[in-house]
Amino acid sequence: MPAIIDEKGPGGRPLSIFESGAILMYLAEKTGRLMPKQKRRRFEVAQWLMFQVGTVGPMLGQSNFFRKYAPVKVPYAIKRYTNEAARLYNVLDNRLARHEYLADTYSIADIAVWPWIIPYFQGVKLDDYKHLARWFRTIEGRPAVQRGLQVLSDRQAPGEEIKMDATAKERLYGETQKKAGRRRTA
C-alpha cells in the first residue's frame, strides 16, 4: 500500500497519508503544483484521478495478475481482464485524441495513470492506440519520470517480470496477505 509521512504536515505536525490518489492530492495542494486552482479545471483533474483509482488501477492490476502471477491460469479471467485493458486503453486514447494530457495541462491525473500504461503485461499493444502512445512517450520523456525510472533499475529492468520466490508470492497473494489485512490500522 502506498503511504507517506509528511514530517512537516499541516500545523507543522507529522501527517500520515495512504493511497496513491490521496497522496497525490495532498502533495498537489501542499506544493500548489499539478492541480489547477480554477474549480472547473480542478474537477477535470479529479475525475481522471478517480478514473485511475477506481478503474484503471484495479482493472489493469487484475490483468497483470491473471496474465503473469496467478498460480493457476484461468482462461476466462485472462480474457476478461485483457478485454477490459483494451477497453480502458480505448477510453484513454479517445480522450487523448482531443487533449495533450488527460486534463488541460500535465497533472496528478497523468502521474497516476501513466505507470499503469507501461505496456508489458496487459496483453494489448500500446502502439495500437495512437494518441495514448503519444501521451505515454511524452510523459516517459519527462526528466522527473526518467529519474523515477532509475530508482530501482539496478534491481529490475522496465518490462522485466518481477522475480518472486515462494516466500514473496505467499506474502503478496497467500495467507500472509490475508492476515495483514486483518491488522488494526491507525
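Our subject is the structure that appears above.
One structure accompanies this document, and this report is about it. Nothing here was measured: the structure is a model prediction, and the numbers come from that model. (Residues numbered from 1 in each chain as written. Predicted model: local features only at pLDDT ≥ 70, side-chain atom pairs only at ≥ 80, totals over all residues. Heavy atoms only, no water.)

1. A short note on the overall build of the protein chain
Helix and strand counts for the protein chain come out as 8 helices and 2 strands. The linear arrangement of helices and strands in the protein chain, starting from the amino end, is β-β-α-α-α-α-α-α-α-α. The C-alpha radius of gyration computed for the protein chain amounts to 18 Å, which stays within 12% of the reference 16 Å derived for 186 residues, consistent with globular compactness. Considering only C-alpha atoms, the protein chain reaches an extent of 50 × 45 × 30 Å along its principal axes. With 186 residues in all, the protein chain has 34% of them scored as buried. Put simply, 58% of the contacts in the protein chain that link residues at least 6 apart link residues at least 24 apart. Within the structure as shown, the protein chain displays about 12200 Å² of accessible surface, and the carbon and sulfur contribution to it stands at 55%. (Helix = DSSP H or I, 4+ residues; strand = E, 2+ residues; numbered from the N terminus. Rg over C-alpha atoms; globule rule 2.2 N^0.38 Å. Buried < 20%, exposed > 50% of the residue type's maximum accessible area, 1.4 Å probe, protein only. Contact = heavy atoms within 4.5 Å. Areas by Shrake-Rupley, 256 points an atom, 1.4 Å probe, with all protein chains shown as cover.)

2. So, the nonpolar core
Residues Y89, L92, L102, I117, L132 and W135 are the most contacted members of the largest nonpolar core, which totals 43 residues. Secondary-structure elements contributing two or more residues to this core are α1 (20-31), α2 (39-69), α3 (75-96), α4 (108-117) and α5 (130-140). A total of 10 residues in this core trace back to one element, the largest contributor, which is α2. In contact with W135, other than residues within four places in its own chain, are L96, E100, Y101, L102, D110, V113, W114 and I117. (Core = buried A, V, L, I, M, F, W, Y, C linked by side-chain atoms within 4.5 Å.)

3. Brief notes about the packing of aromatic side chains
In the structure shown here, the tally under the stated rule is 6 aromatic pairs. Seen in terms of ring centroids, W48 and F51 are 5.3 Å apart; in terms of plane orientation they differ by 80 degrees. Their pairing is edge-to-face. Linking W48 with F51, this pair stays in helix α2, spanning 3 residues, or about one helical turn. The burial state of W48 is the same as that of F51; both residues are buried. Geometrically, the ring pair formed by Y89 and Y129 is edge-to-face, given 5.4 Å between the ring centres and 70 degrees between the ring planes. Of the two residues, Y89 sits in helix α3 while Y129 sits in the loop between α4 and α5, which places them 40 residues apart along the sequence. Put simply, the rings of F65, F66 and Y81 touch in pairs and so form one group of aromatic residues. (Phe/Tyr/Trp six-rings, centres within 6.5 Å; stacked < 30°, edge-to-face > 60°.)

By themselves, these observations are geometric and do not establish any function.
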